Amino acid sequence: MQKIINAHCHIYPESIAERAVKGISDFYGIKIDANGMTSDLIKEGERFNVVHYLIQSVATKPSQVKSINEFIASEVRAHPGIFTGFGTLHPDSEDLEGDLAHLLSLGLKGVKIHPDFQFFSLAEDRAIRLGEMIREAGLPVLTHCGDFRYKLSNPDQLRVFLDRLPGLTVIGAHLGGWSVWDEVEKKIAGQYDMYVDCSSCFRFMKKEDAVRLIRKFGAGRVLWGTDYPTWDCGSELELFDGLGLDEDEKEKILFANAAQLLGLN
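Source: prediction; values computed, not measured.

Engineer: Any chance you could break down the sheet that holds strand β2 (residues 50-56) for me, citing the residues and the numbers?
Structural biologist: Pairing in this open sheet of three strands is parallel, and the strands run β1-β2-β3 from one edge to the other. Edge strands, defined here as strands with exactly one partner in the open sheet, are β1 (4-10) and β3 (83-85). Between one strand axis and the next, the sheet turns by 20 degrees as a mean value, whatever way the strands run. Examined bridge by bridge, β2 and β3 share three bridges and lie parallel to one another. Residue pairing for β3: Tyr53 is matched across the bridge by Phe83. Against the sheet, helix α11 (residues 247-261) makes contact with β1 and β2, and its axis sits at roughly 75 degrees relative to β1, the strand it touches most.

Rendered as structure tokens:
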């Protein structure tokens with residue numbers, strides 16, 4: 001049975017999980033059945049041979065950064081070998097250097113940013129400063145990309161971020177631009193040395209468009225994920241299998257690419 005790495009997962013402490021899941025549900029106008037907690041994520045993944053998870057959460061204000069990073073790090077320690085944790089940073093923090101130093105001291109392996117939730121554009125100087133700090137620390141950054149309702153993380157903004165930050169390892173969530181994939185294909189795919197994940201994509205795209213975009217990025221640059229708690233493994237794998245990719249492409253996307261990027265044995 002194919003081993004799988006779920007490379008896009010959000011988890012929350014029990015005290016705020018219900019509120020956090022409702023926030024995501026309201027923002028995207030969808031019904032979410034998962035509870036957003038670690039035990040639920042692992043239980044569901046075990047049914048489909050998910051052997052590792054990239055977990056993260058996003059600070060919507062600077063005061064949340066420290067507690068979120070400590071929570072993610074604590075879950076990594078509590079589940080050795082199962083989780084890789086990415087921390088969060090907020091560009092409006094009064095002590096970005098201190099926040100990054102704390103993130104590194106916790107052993108977190110990357111940074112997640114979400115311009116649409118954190119209210120900044122990827123093309124702004126404060127985003128570039130953040131990217132420079134992450135690059136200097138030798139970490140990858142996973143950024144939310146795309147939304148037809150906003151102009152914060154769409155391809156025009158992403159291009160600026162990539163152009164101004166050569167050498168930074170960037171993972172563009174949602175095939176580089178949720179809901180604006182035609183722009184991604186014209187302006188991003190195949191033009192930059194970046195990774196993308198394919199979470200929250202296939203139920204919103206035509207199969208032929210998804211396959212073409214994956215191959216334009218290159219199957220060796222695509223990671224599979226569910227955007228937990230937004231979607232479940234079963235339905236996401238069914239959609240993925242339905243694309244008709246060849247077995248080598250599928251193995252890379254489901255496991256090998258993420259294993260290499262995250263340095264897993």
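Don't stop here, the text continues.
Engineer: Explain the pattern of salt bridges residue by residue, including any values.
Structural biologist: Tallying each qualifying case throughout the model produces 17 salt bridges. A salt bridge links Arg164 to Asp125, with the nearest nitrogen and oxygen atoms 3.1 Å apart. Of this pair, Arg164 sits in helix α7 (residues 155-164) while Asp125 sits in helix α6 (residues 125-136); the two residues are 39 residues apart in sequence, bridging distant segments of the chain. Using a relative accessible area of 56% as the deciding quantity, one classes Asp125 as exposed. Between Lys187 and Glu183 there is a salt bridge whose closest N-O contact spans 3.8 Å. Of this pair, Lys187 and Glu183 are both found in helix α8 (residues 181-187), four residues apart, which corresponds to roughly one turn of the helix. A relative accessible area of 24% means that Lys187 is categorised as partly exposed. Among the charged side chains, a salt-bridge network with shared partners connects Asp92, Glu124 and Arg126.

Engineer: I'd like a description of the side chain of Asp147, backed by residues and values.
Structural biologist: Within the fold, Asp147 resides in the loop between β6 (141-143) and α7. Residue classification places Asp147 among the buried residues on the basis of a relative accessible area of 0%. Not counting chain neighbours up to four residues away, the residues in contact with Asp147 comprise Phe27, Tyr28, Asp116, Asn154, Trp178, Ser179 and Val180.

Engineer: Tell me what's going on with the nonpolar core, and back it up with residues and numbers.
Structural biologist: Counting 69 residues, the largest nonpolar core has Phe161, Leu175, Met194, Phe202, Phe217, Trp224 and Ile253 as the members making the most contacts within it. Ignoring sequence-local partners within four residues, the contact set of Phe202 consists of Leu175, Ala210, Ile214, Leu239, Phe240 and Leu243. Within the second largest apolar cluster, 13 residues are counted, among which are Ala7, Leu142, Phe255 and Ala259.

The rules behind the values
- Residues numbered from 1 in each chain as written.
- Predicted model: local features only at pLDDT ≥ 70, side-chain atom pairs only at ≥ 80, totals over all residues.
- Heavy atoms only, no water.
- Pairing = 2+ DSSP bridges.
- Helix = DSSP H or I, 4+ residues; strand = E, 2+ residues; numbered from the N terminus.
- Axes fitted to C-alpha atoms, helices over the stretch in contact; angles between N-to-C directions.
- Contact = heavy atoms within 4.5 Å.
- Salt bridge = Lys/Arg side-chain N within 4 Å of Asp/Glu carboxyl O.
- Buried < 20%, exposed > 50% of the residue type's maximum accessible area, 1.4 Å probe, protein only.
- Core = buried A, V, L, I, M, F, W, Y, C linked by side-chain atoms within 4.5 Å.

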